[in-house]
Amino acid sequence: MTLVPGVLRAQPKIAPPTLIKAGTLIMSINPTLPPLQYVDDKGQLKGMRVELADECCKRLGLAPEYIRTEFATMIPGLAAKRWDMINTGIFWTEERSKLMYMVPTEQAAISFLAAKGNPLGLKTVDDLAGKRISVELGGIEERRTREVADMVAKKGLKPITVMTFNNFAEAFQALKAGQSDAATSIDATAMFMQQRGDFTRAISGVFPQIACFAFANKALADAVVGALNDLKKDGSYAKLLDQYGVLQIDEPAFAIKGPGPA
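Residues numbered from 1 in each chain as written. Predicted model: local features only at pLDDT ≥ 70, side-chain atom pairs only at ≥ 80, totals over all residues. Heavy atoms only, no water.

Peer 1: Pulling in residues and values, what's your account of the side chain of Asp187?
Peer 2: Considering the arrangement of structural elements, one finds Asp187 in helix α6 (residues 187-196). Of the buried charged residues, Asp187 lacks a salt bridge, with Arg201 as the closest side chain of opposite charge at 4.0 Å. In terms of polar contacts, Asp187 uses its side chain to reach the side chain of Ser111, at 2.3 Å. Ignoring anything within four residues of it in the chain, the contact list for Asp187 reads Ala109, Ile110, Ser111, Arg201, Ser204 and Gly205. (Helix = DSSP H or I, 4+ residues; strand = E, 2+ residues; numbered from the N terminus. Buried < 20%, exposed > 50% of the residue type's maximum accessible area, 1.4 Å probe, protein only. Lys, Arg positive; Asp, Glu negative; His and termini not counted. Salt bridge = Lys/Arg side-chain N within 4 Å of Asp/Glu carboxyl O. Polar contact = N/O pair within 3.5 Å; in protein donor to acceptor, adjacent residues only side chain to side chain. Contact = heavy atoms within 4.5 Å.)

In C-alpha cells form, the structure reads like this:
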C-alpha cells in the first residue's frame, strides 16, 4: 500500500475494474495554472485542485497519482482509460456532460491579463477590439475568447486576433514577450499572476462557469462525490477554497451534473 508521509491510508473503498490500478486514483492534470494547479520550484505539484483531490483520496483510502498532460489529450485519454479522472478544472458544458460523468467542484470566471501596468488601458471587453489575445488551445477559455471576438465583431469594432497555444504557460509567455496584447485565464490565476507582479488583471468576472472533476466510470464518480460531501460537512472544502480565493459551488451538496455517457 502506498503511504503519504505521516498518513496511514484506510482500506481502499473502491478497486479495479472501477479503478485502473488497485489502491490508486490516476488523474490527468495540466499544471500551468497557479494557484490552482502548478509545479513549484522544487518540481512538486501544488495548488487548490491538487489538495482537493488528495483529500478525496485520503477519504477513499487511495494514493493519488498524477499524469501531466496537455488539455487536448484529456477527454480522449479518459475514454481510453489512461487515467481515472480529469483534474484540471474542466468547465461544465452540456455536450461534455454527455461524454463523461462531471462533478462540479468550484465556480470560475474568465479574466483577461494585460502587460504589467495595463499600458493599453484595457477595462472592458470592447477594449479588446483590434487586439491579439493568447489562450490555451481547446479549453473553455478559448471558446469564451472567441465568443468575445464575435461580440466585438457584431458591434462593428476592429476584429480580435485569437492566438492559441498548447498550454497556459506558453500563452502567458506570449503576452510577456509582447507577441500578444492580452491573455485569457480564469480569475484566480489572473489574480495570482497580478499579485506575483507578472501582469495586470485588466478585465475580470467574465462568463462565470462551473469547473468540475470528470470521470468515465459512474461508480468512481459516485465514490468521489461521497468524499467531497464528507469534506463539505467537516468544513475542509470551504476552508480550502477560501484559502485560494475560489468561489464554492452554489449547490447544497456535491452531485453528478448531467446525464453522463449514453
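Peer 1: Give me the sheet that holds strand β6 (residues 85-91): which residues, what numbers.
Peer 2: Sheets are built from strands that pair by backbone hydrogen bonding, the pairs being arranged parallel or antiparallel. Pairing within the open sheet is mixed, and its eight strands lie in the order β5-β1-β6-β11-β7-β10-β8-β9. Each end of this open sheet is capped by a strand with a single partner; those strands are β5 (63-68) and β9 (161-165). Within this sheet the neighbouring strands show an average axis-to-axis angle of 30°, counted without direction. Looking at chain direction, β6 and strand β11 (residues 199-215) are connected through four bridges and run antiparallel. For Ile86, the partnering residue across the bridge sits in β11 and is Ala214. (Pairing = 2+ DSSP bridges. Axes fitted to C-alpha atoms, helices over the stretch in contact; angles between N-to-C directions.)

Peer 1: Give me the lowdown on the confidence of the model for the protein, citing residues and values where you can.
Peer 2: Taken residue by residue, the protein gives an average pLDDT of 93. The fraction at 70 or more is 96%. Contacts for the low-pLDDT stretch residues 1-7, under 50 throughout, to residues beyond four places or in other chains number 10 contacts. (pLDDT = per-residue confidence, 0-100.)

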